[in-house]
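As a plain string of letters, each chain reads:
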Amino acid sequence: MDSEENTSRELIKGFDSFEDFLKTGFQSVMGAIIASNKLPKGDQWDYYKTFPSFNGIMDNQATKVVDLMSIILKHQGIQQNIARRDIEEKYDLVVDTNDVILERVGIMLDELNGIQKNQNSANFEERTFSPVISGSWNVDDSDQNKEKGPRAKRFLFHSKNVEKPQIHFKDGVDNFKKYFKPQLKDKPNALKPLHESIVFINEEEGFTHPYQHEIDAFVQSLSDKDFKKMNPIKPRPLQQTPLLYVDTEKTLNILIEELRADERKELAVDVEYHSYRSFQGFTCLIQLSTRTKDYIVDTIALRDKLYILNEFFTDPSITKVLHGADFDIPWLQKDLNIYIVNMFDTRVAASKLGFNKQNLAHLLKTYCMVHADKNYQLYDWRTRPLPERALVYAREDTHYLLYIHDNLKNDLIGDGNSNVTVSTYFQSAEICKSRYIMPVYKADAYKDILKRAKKRFDNRQLTALQGLHEWRDKIARKEDESTGYTLPNHMLLQIAENLPREMQGILASCNPIPPLVRQNLYDLHEIVLKGRQEPYMESVQFVPMPTPKLPNQKSQGKKTKRNIQDQDGSNKKLKTEFRPFDYSKVDFNKFQSGPASSINRAPQEHFKARGQKKKSFKKFNQKSMSFSKNKWN
């Protein structure tokens, strides 16, 4: 019995406790240091090196040390061959490896000191701030941006310690597959068999939409439908409306039975999503509302069971009301295998009616006199259990949606013209036919980041930027993290621009330092060093191509009348924009005698090439920083 108890208490094989392991380890290290200090030095070393037996022993011990170092490097994930390097390179590699190991030790010590004490805990923080007052004439000062009271409250909810739910997904997470394939087990309300509905197109587009035939059939049926106005049914107050939180099979069965018993054939739907700590993101909640009850479905707990809702979501006799469903539709497909037939998108309807603001908050204020609380727009919906205020926010997205649908539909019908109503359903159906597309890495995507930042990089910085961009995508897919969490764009550009020589320079370019940067610091350093080794070339700036101006398009700014020869040969006076060094409106074809590349030269060179002389050129006005008109023959 005693031996069994001792064996069960062993944390490391051969040691009863971690303290015993540390004590033995320190003794071994101290013994190695003492032995190394006893080796001959200076003149004694030169003397002993004259003996072949001594050299043989030293070479044998050196081989053992290098082998041990190689094992340590491999264990730390550093794929470098230390045996093939010279003495200076070996030393640099040992120093870099120590930095990587110490960084990881620091992360683990931070976790030990309480950063991850409770994996299920989350920190709720309430802050107050004074609203920013701007004196600019063009700043929107609408009621939506105004705060009540002298100091407005904002709620910051951050969930650093929430365990990643996707770890427990039964279907797993594959961020490297090329296309998405629907995983429907059956097809309720089918007009076309399931095996004929899912057909492979190609690797870029994946598979066909399983319910495309049913959606098309519903749209065709709208031509014979006579739309009439209805009396909008006001919803009950939120506090007086029952709520069912669905997170078990038992509560899911209750939801199914109540939806089957509902005679109104209308259902408001919304989706809450999380994408910061996941590469593709995943659905966290589905909010449902009928005329009498609200439902919040925990899609994390019931992820593999919610396909049963297709009984209602694909029923063409039930109107599903959503707001801005462009992202909701693909999310439901990818995570839950849910598809929608017969949808009314309130954002599309608001657009058809010419609303200046088409967001849900504006519709709530217009039709329901409800001021939406948007403090939870960036809430971490992975958190369980959900606090009461988060539940209220989630309910408000669907609780009033059916009443908004009634009013929007009446406004669309208007004086009896049903064309606009049919157009709304048609555009909503096009959204329903959208399919989830796997995110594919584009080799030149780093150029878009550089364009938006409006920076000029030389070839070395571009090489580093491209390498860092590829590394970020690979690590984000492997660790199932978003690229923004792995390495934000501004830090990506900062590292590529600075090209730090040392590892600490990479860390100095990031504030705060992303965890995956710390853990993969050596790989990042290798990418930066590869960029530094490139021969220097002139800097390059990726600038979007200007949009060509149409002949009849009105210009803005300073305008002058010039005779410009049209394509058909006729001379017309057009109002064109003319500014210093702006020759986009000048036809250089009549000056060109050489190849087309000569157009890129300054106008003076064109005149010289043609033997023309410049008649006059007025002086540059340094006070106004503008050129007067140039007179050319």
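Shown above is the structure to which this text applies.
Below: a short report on this structure. Everything quoted here is computed from the prediction, not taken from an experiment.

**Some words on the nonpolar core**
By size, the foremost hydrophobic cluster in this structure holds 67 residues, and its most contacted members are Leu 255, Leu 288 and Phe 313. With seven residues, the top contributor of residues to this core is helix α14 (residues 401–413). Excluding residues that lie within four positions of it along the chain, Phe 313 makes contacts with Leu 267, Val 269, Leu 288, Lys 320, Ile 338, Tyr 339, Ile 340 and Val 341. Counting residues in each nonpolar core, the second largest holds 35 residues, with Phe 457, Ala 464, Trp 471 and Tyr 485 among its members.

**Observations regarding the packing of α14 against helix α15 (residues 419–432)**
Two numbers describe how α14 lies on α15: the axes approach to 7 Å, and their chain directions differ by 130°. With respect to α15, the element α14 is oriented oblique. The residues of α15 that touch α14, namely those facing His 405, Lys 409, Leu 412 and Ile 413, are Val 420, Thr 421, Thr 424 and Tyr 425.

**A word on the side chain of Asp 406**
Among the secondary structure elements, Asp 406 is positioned in helix α14. Of the polar contacts made by the side chain of Asp 406, one reaches the side chain of His 405; its length is 3.1 Å. Every residue in contact with Asp 406, bar those within four places of it in the chain, is listed here: Met 230, Pro 232, Ile 233 and Arg 291.

**Let's talk about the pattern of salt bridges**
Under the criterion given, the structure shown has 25 salt bridges. Put simply, Arg 303 and Asp 171 hold a salt bridge, and the shortest N to O gap is 3.4 Å. In this pair, Arg 303 sits in the loop between β8 (294–298) and α9 (310–313) while Asp 171 sits in the loop between β2 (152–158) and α6 (194–197), placing the two residues 132 residues apart along the sequence. Among the residues examined, Asp 171 registers a relative accessible area of 52% and is labelled exposed. Across the pair Glu 497 and Lys 455 runs a salt bridge whose closest N-O atoms are separated by 3.3 Å. Placement of the pair is Glu 497 in helix α19 (residues 489–498) and Lys 455 in the loop between α16 (445–453) and α17 (459–479), with a sequence separation of 42 residues. For Glu 497, a relative accessible area of 31% translates into the label partly exposed.

**Notes on the environment of Ala 390**
As for its position among the elements, Ala 390 is in helix α13 (residues 388–399). C-alpha of Ala 390 to C-alpha of Tyr 379: the two residues are 11 residues apart in sequence and 8.0 Å apart in space. Once residues lying within four places of it in the same chain are set aside, the contact partners of Ala 390 are Tyr 376, Tyr 379 and Trp 381.

**Description of the pairing of β8**
When you tally the buried positions in β8, you get five out of five residues, the bulk of the element. Residues of β8 alternate between two faces, with Asp 294, Ile 296 and Asp 298 on one and Tyr 295 and Val 297 on the opposite face, all of them buried. Between strand β7 (residues 282–289) and β8, which pair antiparallel and follow one another directly, the connecting turn spans four residues.

**Observations concerning unusual backbone geometry**
A cis amide bond, omega -5°, links Arg 384 with the succeeding residue Pro 385. On the secondary structure map, Pro 385 appears in the loop between α12 (360–368) and α13. With an omega dihedral of 0°, the bond running from Asn 511 to Pro 512 counts as a cis peptide bond. With respect to the element layout, Pro 512 can be found in the loop between α20 (503–508) and α21 (515–519). Backbone geometry places Lys 454, a non-glycine residue, at a positive phi of 55°. Here Lys 454 falls in the exposed class, since its relative accessible area comes to 68%.

What counts and how
- Per chain, residue numbering runs from 1 following the sequence as it is written.
- Whole-chain, interface and lining totals are the exception, using all residues; otherwise, since this is a predicted model, local features are given only for residues with pLDDT of at least 70 and side-chain atom pairs are given and counted only at 80 or more.
- Side-chain numbers here rest on the full set of heavy atoms in the structure, without hydrogens or water.
- Residues enter a nonpolar core if they are buried and are Ala, Val, Leu, Ile, Met, Phe, Trp, Tyr or Cys, with the set joined through side-chain atoms within 4.5 Å.
- Partly exposed residues are those whose accessible area sits between 20% and 50% of the maximum for their type, while under 20% is buried and over 50% is exposed, using a 1.4 Å probe and protein chains only.
- Under the DSSP-based scheme used, a helix requires at least four consecutive residues in state H or I and a strand at least two consecutive residues in state E, with every element numbered from the N terminus.
- Contacts are residue-level and defined by heavy atoms, with any inter-residue pair within 4.5 Å sufficient.
- Axes here mean lines fitted to C-alpha atoms, for a helix over just the part in contact, with angles spanning 0 to 180 degrees between N-to-C directions.
- To sort the angles, those under 35 degrees are grouped as roughly parallel, those over 145 as roughly antiparallel, those from 65 to 115 as roughly perpendicular, and the leftovers as oblique.
- We define a polar contact as two N or O atoms separated by no more than 3.5 Å, with the added condition that, inside protein, one atom must be a possible hydrogen donor and the other a possible acceptor, whereas residues neighbouring each other in sequence contribute only through side-chain atom pairs.
- Whenever a carboxyl oxygen of Asp or Glu lies within 4 Å of a side-chain nitrogen of Lys or Arg, that contact is scored as a salt bridge.
- Pairing between strands is defined by DSSP: at least two bridges between them are needed.

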